[in-house]
Amino acid sequence: MKLADAIAADIASGKLPQGAALPGERAMTDLYGVGIGTVRRAIVELRNRGLVATLPAKGTYVIAQSDGTS
């Protein structure tokens, strides 16, 4: 949940604007110092919040700006 909140904050601040690609799962494990399972759960949470969409074999992209209240 903390990772999802951190990424949502980056989306809300504009650091990750609409249309931006999130780093790949493996890159995120290194970037945030967490396991692959944590990264996958965070992405699911962000999808549930309507902030990102995952396109098979393409990656995960920001589809909406967060208002920071999630």
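Before reading further, recall that the structure is shown in the block above.
(A) Looking closely at the environment of leucine 16. Among the structural elements, leucine 16 can be located in the loop between α1 (2-13) and α2 (25-32). When its relative accessible area of 14% is taken as the criterion, leucine 16 is described as buried. Taking C-alpha positions, leucine 16 is 8.8 Å from glutamine 65, a pair spaced 49 residues apart along the chain. Excluding anything up to four places from it in sequence, leucine 16 contacts Ile7, Asp10, Ile11, Leu22, Val62 and Gln65.

(B) Highlighting the pairing of strand β2 (residues 59-62). Burial along β2 is one-sided: Thr60 and Val62 are buried, while Gly59 and Tyr61, pointing the other way, are not. Sheet analysis places strand β1 (residues 52-55) next to β2, joined by 4 bridges and oriented antiparallel. Note on β2: the bridge partner recorded for alanine 53 is tyrosine 61. Between β1 and β2, which pair antiparallel one after the other, the connecting turn spans 3 residues, and alanine 57 there sits at a positive phi close to 65 degrees.

The rules behind the values
Residues numbered from 1 in each chain as written. Predicted model: local features only at pLDDT ≥ 70, side-chain atom pairs only at ≥ 80, totals over all residues. Heavy atoms only, no water. Helix = DSSP H or I, 4+ residues; strand = E, 2+ residues; numbered from the N terminus. Buried < 20%, exposed > 50% of the residue type's maximum accessible area, 1.4 Å probe, protein only. Contact = heavy atoms within 4.5 Å. Pairing = 2+ DSSP bridges.

Read these as layout, nothing more, since geometry by itself doesn't imply function.
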